[in-house]
Amino acid sequence: MVIEQPGQTFIPVESLNARTLGHGTRAATIGRPLVVFLAHLHSTTGKNLRVTVPLGMTYVHSYLKARFGDAIQIKQLATTQQITEALNEQVPDVFAFGNYSWNTALTNAVIGVVKQRHPKVVVAVAGPNIPTEKPIAQAGLRRNQAADFYISREGEHPLANLVETCLGLADPSDVKGTVVDGCYSLTKEGLILQGDPLDRVGVLEEIPSPYLTGLCDDFLANPEFIPLLQTSRGCPYRCTFCVAGHDWWSKLRAFSVERVKEEIDYIQARTSNPLLRIADENFGILPRDVEIAEHIRKVKDTFSYPSVVQVYTDKHLTKNVKQVTLLMRDLIPLNISFQSLDKQVLKNIKRVNVKDTAIEEAAAFAREHSLVLSTELIFGLPGETIESFTNSLDKVLDHRFDNVVIYALNILDQAEMAFAEYREKFGLKTRFALSENGYSEYDSVQTFEMDELVVATSTIPEQEYLRFFKFIFFFNFALFYGWLRELVFFFETNGVRATSVIRSMLADPEQCPTLAEFAGRFLTGHRAMMRDTREEVAELIRELAESQPEQVTDNQFGAMRYQYAVFSDLFTEGRFAEVVHEFAQSGLRLHRELTGEAPSDSFREQLDVITQLQIQSFIPLHEPVPETVVLESGYDLVGWKNSNFRQPLADFALVEPAKFSLRIEGYQHHERLWDARGNDDIRRIYLRSFASTNANRRRHLELREESPQA
């Protein structure tokens with residue numbers, strides 16, 4: 001145990017005669033069940049939320065109940081309304097909150113109200129947003145003294161130690177100002193107390209399944225909550241932008257396969273949400289993950305659940321990852337998250353360097369098995385330049401990834417990238433903006449969750465950095481959501497780089513007025529949301545909550561959410577076909593410049609076919625549309641797709657034209673959107689679509705009729 005005074009290093013707590021209560025030290029016994037409230041809060045102010053079952057809270061609940069039985073009474077709370085109702089009925093002895101990047105401000109606001117009205121309540125906060133490093137923990141505690149105890153790592157054991165100590169006291173509030181193993185705390189005199197750090201939970205089976213014990217039943221019954229499954233804990237990688245990149249989290253531990261299978265069955269039988277999210281950082285990293293994937297496949301084939309699995313697989317295309325992806329081929333893409341393909345940038349962020357041969361293997365494997373191949377890149381990583389980032393995009397396109405998403409660099413509080421020395425080394429300049437679902441109201445208090453966005457580095461000046469967001473906006477439109485995928489690859493196979501087409505479109509607004517208009521809307525709106533300080537952002541949102549409340553309640557904040565809003569405007573205004581034609585004509589102009597001659601009739605015919613394919617692939621939400629539409633073509637579009645778009649479309653000319661089918665996968669999902677239109681305007685239907693699924697936003701080219709007709 002150690003204690004720290006401002007300006008001093010940690011010294012043994014005994015030398016300061018600090019009062020210590022822990023295992024074996026009992027002042028008295030409480031003589032009644034200890035009342036414990038657990039809270040995992042999310043905003044309920046806005047619409048189109050994406051919320052998962054609060055698994056961390058229910059893990060703690062199941063562990064505490066197994067350890068202390070009837071000696072404690074526990075309530076678990078997920079909304080501020082539930083907290084208000086619970087406090088009206090009963091005041092807890094201990095109130096523990098899960099703290100995450102998306103609910104820190106809301107949690108602190110609730111703690112403030114609880115402390116004001118019930119000052120004797122012992123408040124603890126745990127979660128990945130609590131610092132693990134001592135200096136950061138000290139600064140954080142002094143800046144925000146709302147809670148009595150902070151838990152920076154796994155919450156089960158430290159919170160159990162706190163509960164055990166409280167059970168041994170006549171007055172549980174006497175635990176304040178003492179040392180509890182696994183916790184940080186702050187004395188009335190402003191001294192920092194740190195109990196002995198605890199090892200991670202060694203055997204995860206110590207934690208009873210919150211699903212199988214019924215603790216998640218209310219969440220499963222609520223369609224707002226996406227079931228969240230954790231099969232293992234830990235990540236062996238050290239990425240500097242990620243809160244999982246710590247040494248203490250590196251060792252992998254897993255729940256038993258049989259338990260995970262039982263949880264999947266339990267979820268399937270009770271969930272009201274069609275999705276399943278797996279919380280593992282690297283699903284497929286363990287051989288036993290294949291057996292879990294086999295079970296998900298069996299459940300899907302038997303019960304048509306889940307419709308989509310949201311998961312990050314291992315960073316390497318191992319045998320396990322291949323098997324997992326094949327088993328869940330209609331549920332997940334083959335995702336290889338690169339973040340960057342520049343060797344120096346990867347070194348700067350301590351990211352594994354993926355070899356070109358591995359990328360080629362992934363692409364070949366995806367095409368061989370008709371898998372969707374996707375990746376992620378982060379713009380603005382330390383050492384990246386506009387040129388190096390564009391080169392990474394070109395390399396990804398060379399390998400014909402179906403889905404490529406670009407994220408803006410966002411600094412998480414507890415990631416290595418947040419440390420002062422790291423920021424200084426790479427010249428990171430940041431601004432703040434409201435995060436997705438970041439606005440809440442509780443007891444007349446407005447709360448704001450913030451993103452800290454990088455807007456400049458030592459290698460990318462701020463103005464250049466911000467201008468590039470227009471490019472990101474359209475690249476995501478074209479490749480992440482796939483609305484221009486075939487057009488992109490058509491030009492790529494004819495020597496015209498998609499990155500060059502996009503740059504030329506943005507450089508010539510008169511030639512591409514629709515793209516220029518919406519890309520400009522995005523950049524203007526995105527920049528308008530950012531401020532130099534958190535308080536300036538809060539003031540902006542306070543004003544908007546009064547003047548434009550629908551913008552706040554529709555959750556149009558956060559880079560991706562605002563992107564959705566602008567896309568929704570484009571579709572609502574019926575401008576999609578205009579953008580398709582602008583891209584086609586811009587690519588045609590570049591092709592003419594590269595070849596020095598006018599395009600042939602055959603080339604124009606091919607371009608017309610692909611342009612129509614893109615337009616018909618789009619799924620409008622204004623009113624119900626057929627599940628399948630037919631496109632006639634003199635080229636084997638399916639054969640071209642199955643070849644990984646490696647060859648020019650001209651190589652797939654047919655003797656006679658054929659009819660091809662464009663089908664909506666997950667048609668039932670779109671039927672639900674159409675049925676739920678009610679009084680919502682069409683723009684909100686599009687916003688709801690973005691919030692409810694990450695796939696099936698366009699028709700899929702899958703079938704060629706057996707007997708094509710001329």
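Quick notes on the rules
Residues numbered from 1 in each chain as written. Predicted model: local features only at pLDDT ≥ 70, side-chain atom pairs only at ≥ 80, totals over all residues. Heavy atoms only, no water. Axes fitted to C-alpha atoms, helices over the stretch in contact; angles between N-to-C directions. Helix = DSSP H or I, 4+ residues; strand = E, 2+ residues; numbered from the N terminus. Parallel < 35°, antiparallel > 145°, perpendicular 65-115°, else oblique. Contact = heavy atoms within 4.5 Å. Nonpolar A, V, L, I, M, F, W, Y, C, P; charged D, E, K, R; others polar. Pairing = 2+ DSSP bridges. 1 Å grid on protein atoms, 1.4 Å probe; cavity = no way out; pocket = protein on both sides within 12 Å on 5 of 7 lines; lining within 4 Å. Points joined across faces, edges and corners; volume = space filled by probe spheres on them. Expected span 1.5 Å × (residues − 1). Buried < 20%, exposed > 50% of the residue type's maximum accessible area, 1.4 Å probe, protein only. Arc of directions from axis to C-beta. Core = buried A, V, L, I, M, F, W, Y, C linked by side-chain atoms within 4.5 Å. Salt bridge = Lys/Arg side-chain N within 4 Å of Asp/Glu carboxyl O. Phe/Tyr/Trp six-rings, centres within 6.5 Å; stacked < 30°, edge-to-face > 60°. Lys NZ or Arg CZ within 6 Å of the ring centre and 35° of its normal.

Caption draft 1: Region of the structure containing the packing of helix α17 (residues 513–529) against helix α21 (residues 576–595). Relative orientation of the contacting elements α17 and α21 amounts to 115°, with a least axis distance of 8 Å. In terms of their interaxial angle, α17 and α21 are classed as roughly perpendicular. In this structure, α17 contributes P513, T514 and L515 to the contact, and α21 contributes E578, V579 and E582. Across the contact of α17 with α21, the residue classes break down as three nonpolar, one polar and two charged.

Caption draft 2: Here's a closer look at the sheet that holds strand β18 (residues 373–379). Ordered in space as β17-β18-β19, the three strands form an open sheet in which the pairing is parallel. Where the open sheet ends on each side, the last strands, each with one partner, are β17 (334–335) and β19 (403–408). Sheet analysis places β17 next to β18, joined by two bridges and oriented parallel. Following the sheet pairing, L334 is matched in β18 by L373.

Caption draft 3: Focus on the sheet that holds strand β15 (residues 275–278). The parallel open sheet is built from three strands, whose spatial order is β12-β15-β16. In the strand order of this sheet, the two ends are held by β12 (228–229) and β16 (308–310), each with one partner.

Caption draft 4: Geometry of empty space enclosed by the protein. Scanning the entire structure with this criterion turns up three cavities of 30 Å³ or more. Within this model, the largest cavity holds a volume of roughly 90 Å³. In terms of lining, the largest cavity is formed by W483, F571, F618, I619, L621, H670, Y686, S689, F690 and R697. Across the lining of the largest cavity, the residue classes break down as seven nonpolar, two polar and one charged.

Caption draft 5: Representation of helix α18 (residues 534–547) in the model. Compared with the 20 Å implied by 1.5 Å per residue over 14 residues, the 20 Å span of α18 between its first and last C-alpha is a close match. All of the buried residues along α18 are V537, A538, L540, I541 and L544. Buried residues in α18, looked at end-on, bunch into an arc of 160°, giving them a common side. Turned more than 90 degrees away from the buried face of α18 sit E546 and S547, all of them exposed.

Caption draft 6: Representation of the nonpolar core in the model. Grouped together as the largest cluster of nonpolar side chains are 132 residues, with contacts concentrated most on F474, F477, I541, F571 and F583. For this core, the element with the most residues is helix α14 (residues 462–480), which contributes 13 residues. In this structure F583 touches F474, L484, L487, V488, F491, V501, I502 and M505, once residues within four positions along its chain are discounted. With 64 residues, the next largest nonpolar core counts M57, L64, I72 and V311 among its residues.

Caption draft 7: Up close: the pattern of salt bridges. One pass over the full model with this rule turns up 37 salt bridges. The salt bridge partner of E361 is K322, with a shortest N-O separation of 2.7 Å. Note that E361 is positioned in helix α11 (residues 356–368) and K322 in helix α9 (residues 319–327), a separation of 39 residues in sequence. Overall, the relative accessible area of 21% leaves K322 in the partly exposed class. A salt bridge links R575 to E517; the nearest nitrogen and oxygen atoms lie 3.1 Å apart. Taken together, the residues R575 in the loop between α20 (559–572) and α21 and E517 in helix α17 connect sequence positions 58 residues apart. With relative accessibility at 16%, the residue R575 sits in the buried group. Take E517: its relative accessible area is 31%, and that puts it in the partly exposed class.

Caption draft 8: How the structure looks around the packing of aromatic side chains. Taken as a whole and judged by the stated rule, the model has 41 aromatic pairs. Their ring planes at 10° and their centres at 4.6 Å tell us that Y100 and W102 sit as a pair that is stacked. Between F576 and F618, the aromatic rings sit 4.5 Å apart at their centres with planes inclined by 25°, giving stacked as the arrangement. Taken together, the residues F576 in helix α21 and F618 in the loop between α22 (601–617) and β22 (628–635) connect sequence positions 42 residues apart. Judged by its relative accessible area of 12%, F618 is buried. One Lys or Arg, R233, reaches over the ring of Y59 and ends 5.0 Å from the middle of that ring. Stacked on the ring of Y564, the Lys or Arg R697 has its end atom at 5.9 Å from the ring centre.

Caption draft 9: How the structure looks around unusual backbone geometry. Note that the residue after Y305, namely P306, is joined by a cis bond; omega there is 0°. Locating P306 in the fold gives a position in the loop between α8 (288–303) and β16. One non-glycine residue, N644, adopts positive backbone phi at about 70°. Tracing the backbone shows N644 in the loop between α23 (637–642) and β23 (653–663).

Caption draft 10: A look at the side chain of S661. On the secondary structure map, S661 appears in strand β23. Residue S661 is classed as buried on the basis of its relative accessible area of 12%. Leave out the neighbours within four places in its chain, and S661 touches T628, V629, H700, L701, E702 and L703.

Caption draft 11: Representation of α9 within the structure. Those residues of α9 that sit buried are N320, V321, V324 and T325. Axial view of α9: buried residues confined to an arc of 125°, hence all on one face.

Caption draft 12: Just the packing of helix α12 (residues 386–398) against α14, in detail. Where α12 contacts α14, the axes come no closer than 12 Å and their chain directions differ by 10°. Taken together, the axes of α12 and α14 lie roughly parallel to each other. Counted together, I386, F389, T390, L393 and L397 of α12 and E464, F468, F471, F475 and L479 of α14 form the full contact between these two elements. Grouping the amino acids of the contact of α12 with α14 by side-chain chemistry returns eight nonpolar, one polar and one charged.

Caption draft 13: How the structure looks around the environment of H700. Relative to the helices and strands, H700 resides in strand β24 (residues 700–704). Each C-alpha atom of the pair H700 and R663 lies 5.3 Å from the other, and the pair is 37 residues apart in sequence. When near neighbours in sequence (up to four residues on either side) are disregarded, H700 contacts S661, L662, R663 and E665.

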